[in-house]
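Listed here are the chains, written in short residue letters.
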Amino acid sequence: MAITAAQRLLLGSWVQLLVSLYTPAFATVPLITNPSFINECVKVHNKFRAEVRPTASGMLTMTWDEGLAKTARAWSRTCQFKHNPNLSKKGIAHPSFNPVGENIFASTGSFNAKHAIKRWYDEVVDYDYSTTSCKPNKVCGHYTQLVWAATYKVGCSVSDCPKGIKGSGLKGPGVIFVCDYAPAGNYVGASPFSSGGSCSECTGGCNNKLCKYPNWNPNFGSASTSLCDRLLLLSSIIVIYILQ
């Protein structure tokens, strides 16, 4: 399955059914604006990116992107276990990035972001860095997208699917977790990261073995300013004007 004709998946079909069996508890799922949810998604992604072996010379720090989170939310709400067909459509999946990468996780019970992301990272056992390929008949594309060095933006969403998740093979209600990434990774024949001393190729500084992007924003900045931010800025300008 390919995202675009130019960008094919590195390792075959990576929309793999990742099933986690828990006691059903679908009453509440975190919103994409929930600070704890945002922090967990970003923190766990960066934790695993910093732990790659061999060590990465230029692994970028991931930060939250509101636009990607909204796209992930819109797709997760369809409760379909397949890729969003709009990932390669310019200006639809994201106003600035094209194409967008994506990982999907499905569960028949209560949701835990750390567990879901770890399941993606655990595919490392089936990836051969020296050949940039999966072991025969194995899937590891979730792992390679998660640790794709040039990917520095992530946005995730989890949705309740009381009528089930189409195409997942799961029985009954479930939850689906979608993370979208930019710039997208998983280019055929390319390594997800360059090996070398941690941060040895950083140009914007280093933090916990990860390179800071030149425009790095620790407050989960998005690629575009939100309406709330613009209104806050306008309010500040008005207050300053009145006080003058």
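Cut-offs used in this document
- Counting restarts for each chain: residues are numbered from 1 in the order of the written sequence.
- pLDDT decides what is reported in this predicted model: residues at 70 or higher carry local features, side-chain atom pairs at 80 or more are listed and counted, and totals for whole chains, interfaces and linings draw on all residues regardless.
- Excluded from the side-chain calculation are hydrogens and water; included are all heavy atoms of the structure.
- Aromatic pairs are defined between Phe, Tyr and Trp rings, using the six-membered ring for Trp, whenever the two ring centres lie within 6.5 Å; interplanar angles under 30 degrees are classed as stacked, those over 60 as edge-to-face, and all others as tilted.
- Counting from the N terminus, the helices are the DSSP runs of H or I reaching at least four residues and the strands are the DSSP runs of E reaching at least two.
- The cut-offs for exposure are 20% and 50% of the maximum accessible area for each residue type, with area from a 1.4 Å probe on protein chains only; residues under the lower value are buried, those over the upper are exposed, and the others partly exposed.
- Defined by distance alone, a disulfide is two cysteine sulfur atoms within 2.5 Å.
- Should a side-chain nitrogen of Lys or Arg be within 4 Å of a carboxyl oxygen of Asp or Glu, the pair is scored as a salt bridge.
- Only strands that DSSP links by at least two bridges are regarded as paired with each other.
- Throughout, a residue-residue contact means that at least one pair of heavy atoms, one from each residue, lies within 4.5 Å.
- Structural elements are reduced to axes, namely lines fitted to C-alpha atoms, with helices fitted over the stretch in contact, and the angle between N-to-C directions of any two is expressed from 0 to 180 degrees.
- In the analysis that follows, any N or O atom pair within 3.5 Å is treated as a polar contact, provided that within protein one partner can donate a hydrogen and the other can accept it, and provided that, for residues neighboring in sequence, both atoms belong to side chains.

### A word on the packing of aromatic side chains
Taken as a whole and assessed by the stated rule, the structure comprises 10 aromatic pairs. Each ring, one from F48 and one from Y121, has its centre 4.5 Å from the other, and the planes form 15 degrees; the classification is stacked. With F48 in helix α1 (residues 35-50) and Y121 in helix α3 (residues 113-121), this pair connects stretches of sequence that are 73 residues apart. Relative accessible area serves as the criterion here: at 6%, F48 is assigned to the buried category. On the basis of relative accessibility, which here comes to 11%, the residue Y121 falls in the buried class. What links up through ring pairs into an aromatic cluster is the set F37, W64, F111, W120 and F177.

### Thoughts on the state of the cysteines
With the rule as written, the count across this model stands at five disulfides. Paired through a disulfide, C79 and C161 show a sulfur-sulfur distance of 2.1 Å. Here the disulfide of C79 and C161 is left-handed, its torsion about the S-S bond being about -95 degrees. Of this pair, C79 sits in the loop between α2 (66-76) and β2 (101-107) while C161 is found in strand β5 (residues 153-161), placing the two residues 82 residues apart along the sequence. Residues C79 and C161 agree in their burial class; the two are buried. Paired by a disulfide, C199 and C206 hold their sulfur atoms 2.0 Å apart. Every disulfide takes its handedness from the sign of the S-S torsion; for C199 and C206 that torsion is 65 degrees, giving right-handed. Residue C199 is classed as buried on the basis of its relative accessible area of 12%. The connectivity of the disulfide-linked cysteines in the protein, indexed sequentially, is 1-5, 2-3, 4-6, 7-9, 8-10. C41 forms no disulfide, and the closest cysteine sulfur to it belongs to C156, at a distance of 4.1 Å.

### Observations regarding the pattern of salt bridges
For the structure shown, the criterion picks out three salt bridges. A salt bridge links E51 to K47, with the shortest nitrogen-to-oxygen separation between them at 2.9 Å. The partly exposed category is assigned to E51, whose relative accessible area is 33%. We note a salt bridge from K70 to E66, for which the minimum N-O separation is 3.2 Å. Here K70 pairs with E66, and both are found in helix α2, just four residues apart, close to one helical turn. By relative accessible area, which is 27% here, E66 ends up partly exposed.

### Looking at the sheet that holds strand β1 (residues 63-64)
As summarised here, the arrangement of the four strands in space is β1-β5-β6-β2, forming an open sheet in which the pairing is mixed. Both outer strands of the open sheet, β1 and β2, are each paired with one neighbouring strand and no more. Sheet strands touched by α1: β1, β5 and β6 (174-182). Its angle to β5, the strand with the most contacts, is close to 125 degrees. Its contacts with the sheet put α2 on β1, β2, β5 and β6, and the angle it makes with β5 is roughly 25 degrees.

### With respect to the side chain of S157
Along the chain, S157 falls in strand β5. Owing to a relative accessible area of 2%, S157 belongs among the buried residues under this scheme. Here S76 takes part through its side chain, which lies 3.4 Å from a polar atom of the side chain of S157. When neighbours within four sequence positions are excluded, S157 is seen to be in contact with I32, F37, A69, A72, R73, S76, I176, F177 and V178.

### Topic: the environment of H83
Locating H83 in the fold gives a position in the loop between α2 and β2. A distance of 2.8 Å separates a polar atom in the side chain of H83 from a polar atom in the side chain of E102.

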